[in-house]
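Results of the structural survey
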2 protein chains.
Amino acid sequence: MELTDFSEIHLPLVEEEMVSFITEYTSDERLKESMVYSIHAGGKRIRPLALLATVSSFGTKIDTSVYQVAAALEMIHTYSLIHDDLPAMDNDDLRRGKPTNHKVYGEALAILAGDGLLTGAFQLISMTHLANSPKLLLLQQLAVSAGTQGMVAGQAADIEGETKELTLEELALIHERKTGRLIRYALLAGGILAEQPEEVLLQLQKIAAHLGLAFQIRDDLLDVTSTTEALGKTAGKDERADKNTYPRLLGIEQTRAALQQEIHSANEIIAQLEQEVCSFDGDILRQLVKRFDEK
Amino acid sequence: MELTDFSEIHLPLVEEEMVSFITEYTSDERLKESMVYSIHAGGKRIRPLALLATVSSFGTKIDTSVYQVAAALEMIHTYSLIHDDLPAMDNDDLRRGKPTNHKVYGEALAILAGDGLLTGAFQLISMTHLANSPKLLLLQQLAVSAGTQGMVAGQAADIEGETKELTLEELALIHERKTGRLIRYALLAGGILAEQPEEVLLQLQKIAAHLGLAFQIRDDLLDVTSTTEALGKTAGKDERADKNTYPRLLGIEQTRAALQQEIHSANEIIAQLEQEVCSFDGDILRQLVKRFDEK
C-alpha cells in the first residue's frame, strides 16, 4: 500500500480519538477549545504515522487501542509544541501556518492546555482495553521518553545551549532527547502493540534513532533552504537566533550527506528485519523513511 | 501515635523518594536543580501525609511503594505550584517564604521543571513494585485527578472566574477540581494501597471531599486573617486581586461555620468506617482532619 493512502485511511481516526477524548474528558469549555485548536492545527503527524506503520508492518490489525496509543503520543507532541512556542521559550507567533495557542487563548490557558494534553496522554493509554502488561509498558516508556531523561531534558539543554557554542556530539545528544525520543517511542510502541519480542523492539528503536537524527537534520536544512510559506513557520529563524544547527556546524553539503547516511542506515535495519522476522514486511516503513529525506 | 510523630517518621522518606527519583532520572543538571529546588521548598505535605495516614489507618505497612506513590502525588502538587506561580498565571514572587521557581531559574526552565515533575509522577508510579492491577488504577486515577476533568480544569476555571462574579456553587466546583481532586486522590490511593474494596474507597473519597472543601475555605480565611510572614506567601492577595473567595461571598463568621461543618462531616464518616471495617482505626485520620481547622 502507498503510504499516502495508508495515512489517509488511518490518520483521521487518530485525530478523531484525540478530539473525542478531549471533548469527553475536559470539564472546562475554554480549555477544551484551546486544546482542540492545537490538535486541529494539524502538522505532519509523523509520530502516530510511524507508530501505525510499525504495527501494520508486522501484519497486526490496527484497532481502537492502537489509534488511542497513537493519539496519546501525538497529544504529548502537541503539548510540547504549545509550551515550546510560549514567549518564555521560543516565542513563536506562528505554528503550522496558524497563530500559536497562546496568541489565540493567552499564555495562562496555553500553559494549562499543554499540561492537560500531557496528563491526558497518560489517562488515554490507561483507559485502553489492552492487557495490563503491555499497557503498563506503554505508559512507562511514554513517561521515560517524554520526561526528564527524554524530551523535557532535551528542551532544557536546547535552551541552555542557545548561549554557547556546541560540538556536533552535544548537538546530536540534545536532538536525540528533544525529538528523537518520541520518534523512538513511536516505533517501540508499534512493536509492543504488535506483540514483538525484546530483540525486535531493540531493532525498531535503532531504526527510530536514525530517523530521529534524520528528522532534525532535515529540519535544520529546511530552515536554511525553504521559505516561511512552505514551512508554515518562520524560516531562517535559527540563523537569526544564532542557533546551533547542523548547517552552521557542518555546512550545507556535509549536512546533506549526513542526512543521507541516516536514511541509509535506517533502511539497512529494515532489510535486516525482513530477513529475520517472517511476519515483517518493510515496505510501508521504507516509504516512511523516505519522508525524512529533504524533499 | 501522634500525627506530628507520624509525620516526622514518614515525610522525610517521601521527600527522599522525590529527590532520589529526580536525581537519578534527570539528564540535565540545571533542570534537575530547579526541580529539586521546588521540592525542597517544602510546604505542609498535606497530600502525601493524607495518603500515608490512610494506608496506616488500615494497619497496612508503609513500604517503599507507598512512599513512591506519595512522592508522585507531591510531585504533581509541586508542578502545579510552579506553573501556577508563573507571571502568566498568578504571578507570585514568593512561595513558602522562598522566591518562586521562575524567579530563581527563569520562566523557561520553570515551565520545563513543571512538565518534568508532572511526567515524572507517572514514571515513578510505573516503576514501583506494585502488582499490575493496583498500579494501573493508581496511574489512571492520578491522571483523572490531575488532568482536564480535575486540577487542570479547576485552574482554567479559576483564571476565567477572576473576571466575573461567581455563585457559591460555582466557587465550590472550581475548588473541588483545583485542590479537592488531589486530596481525594490521596485518600483513594491510600485505600488502594491498603487493598480496600470499592465501598471503602467510596467512603474514603467522601471524607476527602469534605477535607478538600475545608482546605480551600481555610486557605481563603487565612488570606484575610493572617500575615504574609505567617503564611510564607503574600497575604491579602485575594482581596486585592478582587478574587472570588468564601469570606467575600459569605462573610467571615459564616465562612468559619462552613469550615466547621466540613470538618464535622469528615469526622462522621471516619466514625462510620470504624463501625464497619474491623481493621480500621480512625485515630490518625481524625488528627489529620484537625489540621484542616483554622488554627
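Model, not experiment: these values are computed from the prediction.

1. Observations regarding the overall build of chain A
Within chain A, the regular secondary structure consists of 15 helices and two strands. A compact globule built from 295 residues would reach a C-alpha radius of gyration of about 19 Å, and chain A, at 18 Å, matches this within 12%. Projected onto its principal axes, the C-alpha coordinates of chain A cover approximately 50 × 50 × 35 Å. For chain A, buried positions account for 60% of its 295 residues. Here the analysis covers contacts within chain A between residues at least 6 apart in sequence; of these, 73% occur between residues at least 24 apart. Carbon and sulfur atoms make up 49% of the accessible area of chain A, which amounts to about 11500 Å² in all.

2. Topic: the relation of the copies chain A and chain B
Between chain A and chain B, which share one sequence, the superposing operator has a rotation angle of 180° and an axial displacement of 0.0 Å; the RMSD is 0.0 Å. With respect to symmetry, the two chain copies, as superposed, fit the operation of a two-fold axis. Proximity to the rotation axis, assessed at the C-alpha, singles out A:N132 in chain A; its C-alpha lies 3.2 Å from the axis.

3. Thoughts on the environment of A:L168
Residue and element names in this part refer to chain A. Looking at where L168 falls in the secondary structure, it is placed in helix α9 (residues 168–193). The class of L168 is partly exposed, set by a relative accessible area of 31%. Expressed as a C-alpha distance, the spacing of L168 and A194, which sit 26 residues apart in the sequence, is 35 Å. Among residues more than four places away in sequence, those in contact with L168 are Y246, L249 and L250.

4. Brief notes about helix α8 (residues 151–161) of chain A
Counting buried positions along α8(A) gives nine out of 11 residues, so the element sits mostly inside the fold. Looking only at α8(A), the buried set comprises A:M151, A:V152, A:A153, A:G154, A:Q155, A:A156, A:A157, A:D158 and A:G161.

5. A word on the interface of chain A and chain B
If you look at the interface, chain A gives 45 residues, while chain B gives 45 residues. Summed over both sides, the interface of chain A with chain B buries roughly 3900 Å², with 67% coming from carbon and sulfur. Counting the contacts that link chain A with chain B gives zero salt bridges. Taken together, the connections running from chain A to chain B amount to 11 residue pairs in polar contact (both at pLDDT 80 or more). Of all elements in the fold, only α2 (29–40), α4 (64–85), α6 (107–126), α7 (132–146) and α8 of chain A reach the threshold of two or more residues within the side of chain A that touches chain B. The dominant element in the side of chain A that touches chain B, judged by the number of residues it contributes, is α6(A), at 12 residues.

6. Side note on unusual backbone geometry
Located in the positive-phi region is A:E195, a residue other than glycine, with phi close to 55°. Considering the arrangement of structural elements, one finds A:E195 in the loop between α9 and α10 (198–225). Look at B:R45: it is not a glycine, yet its phi comes out positive at around 55°. Mapping B:R45 onto the fold places it in the loop between α2 (29–40) and α3 (46–57).

7. Topic: the nonpolar core
Counting residues in each nonpolar core, the largest one holds 192 residues, and the members touching the most others are A:L51, A:I76, B:L51 and B:I76. When residues no more than four places from it in sequence are discounted, the contact partners of A:I76 are A:L118, A:A121, A:F122, A:L142, A:A146, A:M151 and A:L182.

8. Side note on the packing of helix α14 (residues 252–276) of chain B against helix α15 (residues 283–291) of chain B
When two helices pack together, their arrangement is given by the angle between their axes and by how far apart the axes lie. Residues and elements named next belong to chain B. With their axes 10 Å apart at the nearest point, α14 and α15 run at an angle of 175° to one another. Looking at the two axes, α14 sits roughly antiparallel to α15. Side by side, α14 and α15 meet where I263, A266, N267, I270 and E274 of the first sit next to D283, L285, R286 and V289 of the second. Looking at side-chain class alone, the contact of α14 with α15 contains five nonpolar, one polar and three charged residues.

9. Focus on the packing of aromatic side chains
Residues and elements named next belong to chain A. What the rule picks out here adds up to nine aromatic pairs over all chains. Arranged with centres 5.1 Å apart and planes meeting at 35°, the rings of F21 and Y25 form a pair that is tilted. Residue F21 is classed as buried on the basis of its relative accessible area, which comes to 4%. In this structure, R47 is placed above the aromatic ring of F215, and the distance from its NZ or CZ to the ring centre is 5.4 Å.

10. Section: the side chain of A:R47
Residues and elements named next belong to chain A. Checked against the element boundaries, R47 lands in helix α3 (residues 46–57). A polar side-chain atom of R47 sits 3.2 Å from a polar atom in the side chain of H77. In contact with R47, other than residues within four places in its own chain, are L73, E74, H77, L182, I183, A186 and F215.

Conventions used here
Residues numbered from 1 in each chain as written. Chains lettered and ligands numbered in written order. Predicted model: local features only at pLDDT ≥ 70, side-chain atom pairs only at ≥ 80, totals over all residues. Heavy atoms only, no water. Helix = DSSP H or I, 4+ residues; strand = E, 2+ residues; numbered from the N terminus. Rg over C-alpha atoms; globule rule 2.2 N^0.38 Å. Buried < 20%, exposed > 50% of the residue type's maximum accessible area, 1.4 Å probe, protein only. Contact = heavy atoms within 4.5 Å. Areas by Shrake-Rupley, 256 points an atom, 1.4 Å probe, with all protein chains shown as cover. Least-squares fit on C-alpha atoms with pLDDT ≥ 70 in both. Buried area = accessible area lost by both parts, 1.4 Å probe. Salt bridge = Lys/Arg side-chain N within 4 Å of Asp/Glu carboxyl O. Polar contact = N/O pair within 3.5 Å; in protein donor to acceptor, adjacent residues only side chain to side chain. Core = buried A, V, L, I, M, F, W, Y, C linked by side-chain atoms within 4.5 Å. Axes fitted to C-alpha atoms, helices over the stretch in contact; angles between N-to-C directions. Parallel < 35°, antiparallel > 145°, perpendicular 65-115°, else oblique. Nonpolar A, V, L, I, M, F, W, Y, C, P; charged D, E, K, R; others polar. Phe/Tyr/Trp six-rings, centres within 6.5 Å; stacked < 30°, edge-to-face > 60°. Lys NZ or Arg CZ within 6 Å of the ring centre and 35° of its normal.

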